[in-house]
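Reading the structure
Listed below are the residues making up each chain.
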Amino acid sequence: MIEIEKEEQQPLRALLVGEPENNLQELKGLVLTLGMDVIQRLTLNRMEVHPAYGMGKGKAQEISELAHQINADCIIFDFNLEPRKQRNWEELTGLSCFDRQEVIIRIFAQRAQTREATLQVELARLTYSLPRLAHMNSNFSRQRGGAFGAKGSGETQLELDQRAVRDKIAQTKRELAEIELNRKTQRKQRGKMPSCALVGYTNAGKSSLLNALTGAEAFVENKLFATLDPLTRKLPLNESSGTLITDTVGFISNLPHHLIDAFKSTLEETIFADLLLIVLDSSDPEAEFQYKTVCDVLESIGATKNPRLLLLNKADKENEEGSQLNSLRLKYPDAICVSAKEEIGFIDLKAKIYEMLYGDIEDYIIPSSQTALINELRKTGCIQSEEWLDDGVHIKARTTGRLAALSSPFIVHN
């Protein structure tokens, strides 16, 4: 089981190991966020299909010797390390060895604040830990219970611990199901108002953008995965009732499936949004790769049919005389350049959100008996004019989503 403990005053020293053509920059950022020091990065020339270490024994021995030469406290791999290989590495090196998945789970454990986030991280941690129990305690082979000539040898300590972890996973899932039910109720209560979800790579500036647009006080820090809990605030839009904007957990490449499964209810805020605001750090050289990663994660969670608007954030930053930003603008001409820090591009952004959420102006003639629909138009539509006549209520308005479907039979086709 992954032990999340308070770091000692002296940060742990890590040796990073990655696959070919990987500069390990992202893993370095994750490790630094975790509070460790990176003393050296090692990129392998090639990967071998080897059951013991994932590479040849000679190369594994070489990495072990290097770790001891530089006084590393642990070795962190930027690829998945199966339980058996993790055990073999720790036996070979005598050091703590783990992979990118465990780094991310540890960061999430540090960041979790609410009950929901804590349970989600616990579920991911337990799921990740279950197949790794065998190499975590040398006493797991001892047997418990039973008597000679009676019930057999009984369960081994490993079996008992595995059963305990499975029971804990089931209990955590039940608690999360209750929270998910409450979340669905909250979503239903605010379902009449159009909603947007801020999505993007971790540290792209989503929380800063939410704060600047709505006056929210979301936690902001220049670190990966600074916030885990979705925060929803209202954004007024022209004469409309406005929209609800939700800040979501940041994405990252190779996001462990344990976390995707555990954060299912949180990620559903993205699936049910009427508009996805994809936030991209325009000053990051890896911006295009990050955009592809975000799109891949959205596809994996089922958020494929939602309308999208790309935001090139941090447009105020100087980088190579703006060549990075200009390149992105040429590649994504429909994107909107914004800056949460300087509040650049907010007028264009709000206008575009308004246009995409509330659609075109239509003329309606609604029977006066349809008071519920008329009241809903007033609350969640954008009424330009309203006139009560003998043949019904003549309304000129913008509508979208469910409201557009309800009012579509009453459109006047000129």
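Since the model is a prediction, treat every value here as computed from it, not as a measurement. (Residues numbered from 1 in each chain as written. Predicted model: local features only at pLDDT ≥ 70, side-chain atom pairs only at ≥ 80, totals over all residues. Heavy atoms only, no water.)

Another aspect to go through is the overall build of the protein chain. Scanning the protein chain from terminus to terminus reveals 14 helices and 15 strands. Taken across its 414 residues, the protein chain has 49% of its residues classed as buried. In the protein chain, the share of contacts with a sequence separation of at least 24, taken over all contacts with a separation of at least 6, comes to 69%. For the protein chain, the exposed surface amounts to about 21,300 Å²; the carbon and sulfur share of it is 47%. (Helix = DSSP H or I, 4+ residues; strand = E, 2+ residues; numbered from the N terminus. Buried < 20%, exposed > 50% of the residue type's maximum accessible area, 1.4 Å probe, protein only. Contact = heavy atoms within 4.5 Å. Areas by Shrake-Rupley, 256 points an atom, 1.4 Å probe, with all protein chains shown as cover.)

What follows deals with the sheet that holds strand E15 (residues 392-398). The strand order E13-E15-E14 describes an open sheet built from three strands, whose pairing is antiparallel. The open sheet is flanked by strand E13 (361-366) and strand E14 (382-389), the only strands paired with a single partner. With strand direction ignored, the average angle separating the axes of adjacent strands in the sheet is 15°. Looking at chain direction, E14 and E15 are connected through seven bridges and run antiparallel. When the sheet's bridge partners are listed, cysteine 382 is paired in E15 with arginine 398. (Pairing = 2+ DSSP bridges. Axes fitted to C-alpha atoms, helices over the stretch in contact; angles between N-to-C directions.)

Quick look at unusual backbone geometry now. Positive phi values are uncommon outside glycine, yet asparagine 71 reaches one of about 60°. Relative to the helices and strands, asparagine 71 resides in the loop between helix H2 (57-69) and strand E3 (74-77). For asparagine 71, a relative accessible area of 53% translates into the label exposed. Even without glycine at this site, asparagine 203 takes up a positive phi of about 70°. Residue asparagine 203 is classed as partly exposed on the basis of its relative accessible area of 27%.

With that settled, the discussion passes to the sheet that holds strand E2 (residues 37-43). Reading across the sheet, the four strands line up as E2-E1-E3-E4 and stay open at both edges, with parallel pairing between neighbours. Taken across any chain shown, the strands that pair with only one partner, and hence form the sheet edges, are E2 and strand E4 (96-99). In this sheet, adjacent strand axes meet at a mean angle of 20° when their direction is disregarded. Sheet strands touched by H2: strand E1 (13-18), E2 and E3. Its angle to E1, the strand with the most contacts, is close to 155°. Across the sheet, helix H3 (residues 83-93) touches E3 and E4, and the angle it forms with E4 is around 150°.

Turning to the pattern of salt bridges, a few remarks are in order. Tallying each qualifying case throughout the model produces 13 salt bridges. Across the salt bridge formed by lysine 85 and glutamate 82, the nearest N and O atoms sit 3.4 Å from each other. Classification of glutamate 82 as partly exposed rests on a relative accessible area of 40%. In this structure, arginine 106 engages glutamate 102 in a salt bridge whose closest nitrogen and oxygen atoms are separated by 3.0 Å. Here glutamate 102 and arginine 106 lie together in helix H4 (residues 100-111), a separation of four residues that amounts to about one turn. Judged by its relative accessible area of 6%, glutamate 102 is buried. (Salt bridge = Lys/Arg side-chain N within 4 Å of Asp/Glu carboxyl O.)

Where E3 meets E4, four bridges bridge the pair, whose relative direction is parallel. Paired with isoleucine 75 across the strands is cysteine 97, a residue of E4. As for the winding sense of the linkage, the β-α-β connection from E3 through H3 to E4 is right-handed. (Right-handed = clockwise from strand over helix to strand, strands pointing away.)

This next bit is on the nonpolar core. Residues Leu30, Ile76, Phe108, Phe225 and Leu298 are the most contacted members of the largest nonpolar core, which totals 65 residues. Tallying contributions element by element places helix H5 (residues 115-129) first for this core, with seven residues. (Core = buried A, V, L, I, M, F, W, Y, C linked by side-chain atoms within 4.5 Å.)

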